[in-house]
Every structure is written in C-alpha cells, then in structure tokens.
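Here's the letter readout for the chains.
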Amino acid sequence: MAVLYVVATPIGNLEDISPRGLRILQEVGLIAAEDTRHTRKLLQRYQIETRLIAYHEHNKLARLDTILLALANGDAVALVSDAGTPAISDPGYELVGAVIEAGFAVVPIPGPSAVITGLSASGLPTDRFYYLGFPPRRSKERCALFSEVVDIPATLVLYEAPHRICESLADALSVLGDRPAAVARELTKLHEQFVRGTLSELLAHFNATEPRGEFVLMIGGATRPTKRKPTSTSTNEFGVAVTTDEAPVVVDWDLIRSELQRLRAEGWTGTKAAKHLAKHYELDRHQVYNEWSNLPE
C-alpha cells in the first residue's frame, strides 16, 4: 500500500525502538534516511535488509521525485532521521507536506524524541513548553530569539551543539535573567547526564567542564509577577470622567508564594530562595522571606 511512514528511531540506545517500528522498517519497499551510514547500524542490529536511500538537507529536492514515484508505484516508504522523530528540526517536514499534497497517506510511528525525553526528567514544568529547535549561531540573532520569548510562561526547549552551549547559556542569561534551567547531555547513551540549576550555575559548570556530546537545553518560562497599578476615577472641571493611577504598585504575591513552594520542594533554603526571588522580581528580601516563613507545611 502506498503509505509514507514517519518512523521514530532511537536517539542513542538502539533498544529504544518499538516492535511496530521494526516491523514497518522490515516491510516497506524503501527507507529514506537522513544518513544511510547511521541508519544502517540500526538495520544491521535487527537484521533488516530494506533498500536505503539518503534524504537530507542537501538532496531533498532531488530525492522528492524518487520517493513520490515509489509511492505512485504502490510501494510503502519509511522516513527516518539520524535520531528521534523525523520532521522535527530536519527536512522531513517538507517531504511530509509534498506526500500529503500528492494525495498519499502519511502514518506516524511514534517513539523517541530528545525534546520529550529531556523535558520529562528536567525537573522543570512540563504542562506547557515552547520548542525553539536549534538557536541561531550568531549571538545577535540568538539574543533576538530569546527576546521574542521572554514573556512566554512556558518551559523553553532548545537543541544546541557542545561548542556553542556556553554562548547560548550566556545569551539566555543576559536576555531572560537567571532562570531555573536544565541541560540534558547524551540522552539514553552511556554518558547520559543532567545538569540542573540556574542559568548562571549551568554557565559556570560548562565553562569549567569541556562540553561534549549532544545537548538539550531547557529553561524555565516567564514567571515575573504582573505589577498592577490600582486606578481611581474622578471628574475633572469639565465634568469628564478621568482615570488615574495610584501608588503603590501591587505585587502578585500568590505567584511569589507558588515560586517559593517550588524552590522549597527543590531543596532551597529560605534565605537563598528569598534572595533569589527578591533579586529576580525587584522586591524586598525581608518581605519575600516572611512569605517563606508563612508557607504551609
């Protein structure tokens, strides 16, 4: 049957592929792989001899006709990337779009994803997240990207290369402030590692330790409380209603208490948590510590 299967493959450990994924790779007439040498290791592990062709950023237009022709002839095709779920930060999404436009079915075969794998063990909120892919290579463009998402109240997730992780951490710290963050390195591989802390702590860590491997960077979302100015309405000398702001500014203490509870659950001391939030939200440290002292057990 003429179907394009989008098959998720392991991001490191070759055991992390589903039985269904293996069956599909065995049954299709053609596998389009981002790197045939990389995919061949997986196929050899499971004794799969399906024909392989390369489909990557530099030949995607030339290969598109080959894949569409195979589908037109009634063959099923599997799309795989080097690791994880295809079409996420690779050229696969263009192929999927072209196959759909040509009238053929596209069937996802779910499995590993570095985004979800890293996020699930990050310790950061997972109810909402915002995926940014690979950030720009230049600092100016990277800072512009972080500026676009500075107010998003969701965990930010990025991929980064080892030789740029410190630069990205520094730019994130500069634009976003010293937020809680986590770095996942070499997920599912022998040297898998999670480093958790604030952006400044992660930057210090990787400045002192040579970064190696593949990285997923996760950064806490915007949590700055809204400072709302109360308003009052009066009538001016012409009988027109006028709304004016009154001081002082109101701080969202419910959000502050929620942040304090989160930090306490992560093992922070009251002094450290109060100092951190007071600096982040431009509040009086003693007031923040007082809120800590009144938290329910």
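The rules behind the values
- Sequence order sets the numbering: in each chain, residues are counted from 1 along the sequence as written.
- Per-residue local features of the predicted model are confined to residues with pLDDT of at least 70, and side-chain atom pairs are confined, for both listing and counting, to 80 or more; whole-chain, interface and lining totals are unaffected and use all residues.
- Values shown for side chains rest on all heavy atoms present in the structure; no hydrogens or waters enter the calculation.
- UniProt positions are given in the numbering used here, feature names are shortened, and annotations may be inferred rather than shown by experiment.
- Each nonpolar core is a collection of buried residues, namely Ala, Val, Leu, Ile, Met, Phe, Trp, Tyr and Cys, held together in the definition by side-chain atoms within 4.5 Å.
- Whether a residue is buried, partly exposed or exposed follows from its accessible area with a 1.4 Å probe, protein chains only, as a fraction of its type maximum: under 20%, in between, or over 50%, in that order.
- Numbering of helices and strands starts at the N terminus; helices are DSSP runs of H or I of at least 4 residues and strands are runs of E of at least 2.
- Between two residues, a contact is recorded if the distance between any of their heavy atoms is within 4.5 Å.
- The pairing criterion for strands is at least two bridges between them, as found by DSSP.
- Helix axes are fitted to C-alpha atoms over the stretch in contact, other axes to C-alpha atoms as well, and angles between N-to-C directions run from 0 to 180 degrees.
- Should a side-chain nitrogen of Lys or Arg be within 4 Å of a carboxyl oxygen of Asp or Glu, the pair is scored as a salt bridge.
- Relative orientations are named as follows: roughly parallel for angles under 35 degrees, roughly antiparallel for angles over 145 degrees, roughly perpendicular for angles from 65 to 115 degrees, and oblique for any other angle.
- Helix crossings fall into two classes, left-handed where the near helix is turned counterclockwise from the far one by less than a right angle and right-handed where it is turned clockwise.
- By definition, disulfides here are pairs of cysteine sulfur atoms that lie within 2.5 Å.

Under the annotation held in an unreviewed UniProt entry, the chain carries the name Ribosomal RNA small subunit methyltransferase I and is attributed to Herpetosiphon gulosus. Quoted straight from UniProt, the Sequence similarities (unreviewed entry) entry for the chain says "Belongs to the methyltransferase superfamily. RsmI family." The record held by UniProt for the chain lists under Catalytic activity (unreviewed entry) the comment "cytidine(1402) in 16S rRNA + S-adenosyl-L-methionine = 2'-O-methylcytidine(1402) in 16S rRNA + S-adenosyl-L-homocysteine + H(+)".

(A) Main features of the nonpolar core. Counting residues in each nonpolar core, the largest one holds 23 residues, and the members touching the most others are Leu169, Phe206, Leu217 and Ile219. Of all the secondary structure elements, the ones that give two or more residues to this core are helix 6 (139-148), strand 7 (155-160), helix 7 (165-176), strand 8 (180-185), helix 8 (199-208) and strand 10 (215-219). When sequence neighbours within four positions are dropped, the list of residues in contact with Leu217 reads Leu156, Val157, Leu158, Ile165, Leu169, Ala182 and Val183. Among the nonpolar cores identified, the runner-up in size contains 18 residues, and Ile17, Ala33, Leu52 and Ala78 belong to it.

(B) Local environment of the sheet that holds strand 5 (residues 105-109). Pairing is parallel across the open sheet formed by 5 strands, whose spatial order is 3-2-4-1-5. What marks the edges here is a single partner per strand, and that holds for strand 3 (52-54) and strand 5. Neighbour to neighbour, the strand axes of the sheet diverge by 25 degrees on average, direction disregarded. Sheet topology places strand 1 (residues 3-7) next to strand 5; 5 bridges connect them, and they run parallel. When the sheet's bridge partners are listed, Val3 is paired in strand 5 with Ala105. Lying over the sheet, helix 1 (residues 19-27) contacts strand 1, strand 2 (30-33), strand 4 (77-80) and strand 5, oriented at roughly 135 degrees with respect to strand 5.

(C) Highlighting the pattern of salt bridges. Taken as a whole and judged by the stated rule, the model has 12 salt bridges. Across the salt bridge formed by Glu210 and Arg212, the nearest N and O atoms sit 3.4 Å from each other. Per residue, the accessibility class of Glu210 equals that of Arg212, and both read exposed. Several salt bridges converge on common partners, so that one network encompasses Arg142, Glu167 and Asp171.

(D) Summary view of the packing of helix 9 (residues 253-265) against helix 11 (residues 285-293). Where helix 9 contacts helix 11, the axes come no closer than 10 Å and their chain directions differ by 65 degrees. Of the possible angle classes, the one that applies to helix 9 and helix 11 is roughly perpendicular. Helix 9 and helix 11 meet at a crossing whose hand is right-handed. Note on element contacts: helix 11 touches helix 9 through Gln287, Val288, Glu291 and Trp292, opposite Trp253, Ile256, Arg257, Leu260 and Arg264.

(E) Quick peek at unusual backbone geometry. Unusually for a residue other than glycine, Gln47 sits at a positive phi of about 55 degrees. With respect to the helices and strands, the residue Gln47 is situated in the loop between helix 2 (36-45) and strand 3. Within the chain, Glu282 stands out as a residue other than glycine whose phi angle is a positive 60 degrees. Residue position: Glu282 is located in the loop between helix 10 (270-281) and helix 11.

(F) Layout of the state of the cysteines. Under the criterion given, the structure shown has 0 disulfides. Summary of cysteine pairing: Cys143 is not part of a disulfide, and the nearest cysteine sulfur, belonging to Cys166, is at 15 Å.

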